Amino acid sequence: MNVSVSEARLRTDIERTAEFGAVDAEEGRGRTVLTGTEPNRAAREYLVERLDDAGLDVRVDAVGNVVGRWTPPSADPDAAPVASGSHLDSVPEGGIFDGPLGVYGALEAVRAMQDGGVEPARPIEVVSFTEEEGQRFASGVLGSSVAAGVRPVADALALEADDGTTLGAALDEIGFRGDGRLDAADWDAWLELHIEQSTRLTDAGAAVGVVTDVTGITHCEVEIVGEANHAGSTPMDARTDALAAASEFVLAVERAAKRLADEHETPVGTVGSLGVSPNATNVVPGSATLGLDVRDVTQDRIEELVGHARETLDRLESERGVSTHIERPFDVAPMPTSDRVRRAASDAADRVGVTAIDCHSGAFHDTTHVARETDAGMLFAPSEGGVSHTPREWTDWADCAAATEVLAASLADLAT
Ligand code: CO
């Protein structure tokens, strides 16, 4: 199987995409591409042109997911396609590889197969999902949640940005509100290439990572209520300080997560947000709200950390006299990837002649949703320093090309 990707072609597409919504950065290259904005329109239009140029049939679904289908003469046009892609949107002042590498890696894989005379038996689809980063309309992975049937089209279109604009209106505005619903269940298999956003690949000297599991995520909202009072006239033994109690909670979460991570490596627990009321220097804090993020590849360990957080709150109630409340508004189960896709990716890495390691994904991706509906997997390319969601995010062009070569060989295998 002769599949040789063009690093120059891939680089050109990613660098052109980086120009849309480009931001000034002291170091590196950044972009801000939010759903339904001008940079988003430009990035989408550029993609459609590139898909057209490669002879792919382009369609846009009702929530703006963009798909290009390659149906070579060798393929049964009615066979379930093999699909690959990622997203073109970014976080505010995000990097240039997170998302675009997966979209243009998929397209470059198809172009390489075309150039190499590969004759797949199935059509191959290149996909760009709407709003993976969740910066304007939803909390993330919006387009793939619709493609997986998790969120109905009508609900998605009615989502509102802070300025009151609906997703439907925003897509109309940029000319990317299409028809129908891209359905991940129609795919025979799915493989997403993405930057690793961690350092395990570089630490191991590996060119690609074959993802075994995408972690589950739980978010808890915690409220700790004490008693606001005068910071000068309230004696130390007469206080119910909500922030002091919250501080103990933060450290308890960190201790528990570290202890569990010492044994199992994958679990993480973070208190990432804190609100204090009345938040005044001369007032003993009356209440504190905290946002807890817990992730692991097993539901058991997620439950263990959440359980520990609940016990800590009980302890703070009895030891500090505060009252506490915990809610769990967001909960997505861990998702193992498909054996078949994983094997195809590992074998492809062997054929291409690059070192691959198995790893898990600590970040959420569109693949989490797609994996509910079809055999799905992910490939990681190395991230310099593990840095992402910032203009300092970087993956060497040669590494982008090597990972894309593995993607191409995997897709060729899956589609045979
Ligand atoms: Co991403």
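Structure first, text after, so check above.
Worth saying up front: this structure is predicted, and the values here are computed from it rather than measured.

Draft legend 1. Structural view of the pattern of salt bridges. Enumeration according to the criterion identifies 27 salt bridges in this entry. Arginine 41 is paired through a salt bridge with glutamate 38; the nearest N and O atoms lie 3.0 Å apart. One end of the pair, arginine 41, and the other, glutamate 38, are both in helix H2 (residues 38-53), three residues apart, so they sit about a helical turn from each other. As a salt-bridge pair, arginine 59 and glutamate 125 come within 3.1 Å of each other at their nearest N and O atoms. Linking arginine 59 in strand E3 (residues 57-60) with glutamate 125 in strand E6 (residues 124-129), this pair joins segments that are 66 residues apart in sequence. Given the relative accessible area of 36%, arginine 59 is considered partly exposed.

Draft legend 2. Helix H3 (residues 100-116), seen in detail. Over its 17 residues, H3 extends 23 Å from the first C-alpha to the last, a length consistent with the 24 Å expected when each residue adds 1.5 Å. For H3, a buried count of 14 out of 17 residues is recorded, marking the element as mostly surrounded by other parts of the structure. With its phi angle positive at about 70°, glycine 117 sits one or two positions after the end of H3.

Draft legend 3. A look at the coordination of the cobalt ion. Distances from the cobalt ion to its protein donors, namely His87 (NE2), Asp98 (OD) and His194 (NE2), fall within the range 2.0 to 2.2 Å. In the primary sequence, the donor residues of the cobalt ion line up as H-x10-D-x95-H. In this pair, histidine 87 sits in strand E5 (residues 82-87) while histidine 194 sits in strand E7 (residues 189-195), placing the two residues 107 residues apart along the sequence. Exposure class is identical for histidine 87 and histidine 194. Each is buried.

Draft legend 4. A look at the packing of H2 against H3. Interhelical geometry of H2 versus H3 gives an angle of 10° and a closest axis separation of 11 Å. With respect to H3, the axis of H2 lies roughly parallel. Residues Ala43, Tyr46, Leu47, Arg50 and Leu51 of H2 form the contact with H3, whose own contacting residues are Val103, Tyr104, Leu107 and Arg111. Of the residues contributing to the contact of H2 with H3, the split by class is seven nonpolar, no polar and two charged.

Conventions we followed
Residues numbered from 1 in each chain as written. Predicted model: local features only at pLDDT ≥ 70, side-chain atom pairs only at ≥ 80, totals over all residues. Heavy atoms only, no water. Salt bridge = Lys/Arg side-chain N within 4 Å of Asp/Glu carboxyl O. Helix = DSSP H or I, 4+ residues; strand = E, 2+ residues; numbered from the N terminus. Buried < 20%, exposed > 50% of the residue type's maximum accessible area, 1.4 Å probe, protein only. Expected span 1.5 Å × (residues − 1). Donors = N, O, S within 2.8 Å, 3.2 Å for Na, K, Ca; no water. Axes fitted to C-alpha atoms, helices over the stretch in contact; angles between N-to-C directions. Parallel < 35°, antiparallel > 145°, perpendicular 65-115°, else oblique. Contact = heavy atoms within 4.5 Å. Nonpolar A, V, L, I, M, F, W, Y, C, P; charged D, E, K, R; others polar.

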